[in-house]
Amino acid sequence: MSIKIDSLGDWKRTHYCGELRKSHCEKEVILFGWVSRIRDLGNLVFIDLRDREGIVQVVFTSENKQLIDRAKKIKMEYVLGIKGKVQRREEKSMNRELPTGEIEVLAKELKILNISQTTPFVISDPPQASEELRFKYRYLDLRRPSLQRNIKLRHQIALKIRNFMAKKGFLEIETPFLSKSTPEGARDYLVPSRIYKGKFYALPQSPQLFKQILMISGFDKYFQIVRCFRDEDLRADRQPEFTQIDIEMSFIDPEDIYNLIEEMMKEVFDVINYSIKTPFKKIPYNESIEKYGTDRPDLRNKIEIINITDLAKDSEVEIFKKVIASGGEVRGIVVREGIGFSRKELDELGERARTLGGKGIIWIKRDETGFKSPLKIKEDFFLKLWEYMNAKMGDLILLVADEKFLTLKILGELRNLVGKKTDSKDYRFVWITDFPLFEWSEEENRIISNHHPFTAPKEEDLKYLETDPLRVRSKAYDLVINGIEIGGGSIRINNIELQERIFKILGLNEKEIKDKFGFFLEALKYGAPPHGGIALGFDRLVMILAGEDSIREVIPFPKTTSALCLLTGSPSEVAQKQIEELGLELKKPQNK
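Residues numbered from 1 in each chain as written. Predicted model: local features only at pLDDT ≥ 70, side-chain atom pairs only at ≥ 80, totals over all residues. Heavy atoms only, no water.

J.: Describe in detail the overall build of the protein chain, supporting the description with residues and values.
T.: Within the protein chain one finds 16 helices and 22 strands. Overall, the C-alpha framework of the protein chain stretches about 90 × 75 × 55 Å when taken along its three principal axes. A burial count over the protein chain gives 48% of its 592 residues as buried. When contacts within the protein chain are restricted to residue pairs at least 6 apart in sequence, long-range pairs at least 24 apart make up 67% of them. Looking at the protein chain as shown, the accessible area adds up to about 30900 Å², and 50% of this sits on carbon and sulfur atoms. The protein chain carries 98 positive and 93 negative side-chain charges, and their two centres are separated by 4 Å. (Helix = DSSP H or I, 4+ residues; strand = E, 2+ residues; numbered from the N terminus. Buried < 20%, exposed > 50% of the residue type's maximum accessible area, 1.4 Å probe, protein only. Contact = heavy atoms within 4.5 Å. Areas by Shrake-Rupley, 256 points an atom, 1.4 Å probe, with all protein chains shown as cover. Lys, Arg positive; Asp, Glu negative; His and termini not counted. Charge placed at Lys NZ, Arg CZ, Asp CG, Glu CD.)

J.: Mind laying out the pattern of salt bridges, listing which residues take part and the relevant values?
T.: Scanning the model with the defined rule gives 58 salt bridges in all. Taking the shortest distance from any N to any O, the salt bridge between Arg162 and Glu172 comes out at 2.8 Å. With Arg162 in helix H4 (residues 145-167) and Glu172 in strand S6 (residues 171-172), this residue pair connects regions lying ten residues apart in the sequence. Relative accessible area serves as the criterion here: at 34%, Arg162 is assigned to the partly exposed category. In this structure, the salt-bridge partner of Arg296 is Asp295, at a minimum N-O distance of 3.3 Å. On the accessibility criterion, Arg296 (41% relative accessible area) is partly exposed. One salt-bridge network, held together by shared partners, links Asp125, Arg134, Arg138, Asp141, Arg144 and Glu553. (Salt bridge = Lys/Arg side-chain N within 4 Å of Asp/Glu carboxyl O.)

So, in structure tokens, the structure goes:
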């Protein structure tokens, strides 16, 4: 059966499908969209027409035989133009869950603007296909109402940010994508040069050095919504290419950053009609680790880690004595009303602790009949423990005894697994401050920067820089929302001597410093102002506001967790001629 394809002619859209309401009744409208659903009742044909703003019901009646006969030939995902009149639906047929559910459009004219093959999956929410299939046909997946909303939300948030930053006197300045490789973080994506064979550009992991150079250039308020690239392993909130809100300011302290970003968050969350209270809570890094076992605490979860080492060392528990004697600690958490946890669930928590490198957990319950625990000890210790941890009848206590940071890590994970959180629409913001300037990398067997090597140390800790570098705190800060790190920044080093000291502590020799950062050190000689900034993960921010669990649901064309673009089939092989033009030679992959 052949279908005549109509031309657009002089038709112009009057409304989007999802915009129509009962206030439009009796109005003549012209709509364009895709067929989302068809119901043929013989003398009536109902079509749900979908565009980026939503869905509206279109009805064809037998009063116009030629029109309804043509409507009966329509299939799913055909592209239609409809000219008709908006009318109120009968009370019994109204769809209260649909914004347009009180009305329908009585079709007067129909244009079939294109046909469609049967789609590989049904376009609906929730998705009816695997992520791999949806990513291969992303143009179809993007027709889903939820993704249409997400991408629209992404635009609205970007617009809010740009308007806010402009009002605050910031200039949006573009920085290069083809730059120099300065691998002090994740792996760079390298771009070989055809003109200078054997040499490479790198795609930016962030515009860090360029934005600092802009401060030296006198542009004291810079921002950019910018693409960045990192060749690293992926997770739900990671992509090889991502977008960040990049900000840098001169003549500031951390409070200036806090105030700016908190005001920006108010503007951004206004997009979803959520009112934010400021100022945000501030927690030093060490306190966050001690209380929550992480530097990304979800403050909707009220559970805090409690150190019971002093109580445990006087107990009769052999494992406690052994751990404490070797320099370890005993800590625990109280799970309110946790008495209902089954033995199977508790065993699973213990297995999770062992997966993280620990020995397991000790659990204790209390009800009207007394204490229950695999720990065989006098009730006197349990009573002291219950009082020390402020536990109540019906609660559950989980204890871990191990090396300090492993104990904190395990309890931080268990806290997330067992803690009760408030509604997902409850957003809890916190600044984590005073990060260590350095950390020890077991993999590289050396000191590395906690954030990046351009972060300024706190003045009062400068005396430890060479003698006890792991003790030095930085002027760095992260913004966390509901346990998700949204961004991080710092006050930067604007003194060349201090910057060179930092490079040397990181193990860079004079040649490496000159080769990697010589251009930047040269710039620092010419009056670099005090400056600092922050980079916020734009994709993560949109993900939170959209109520999604993965940034892939708010990026138009994402990669898979294995860094593949299934839509285009990239990465892909290229012609031998292109490889030769770049002066490269491919090594054959070794069989594993």
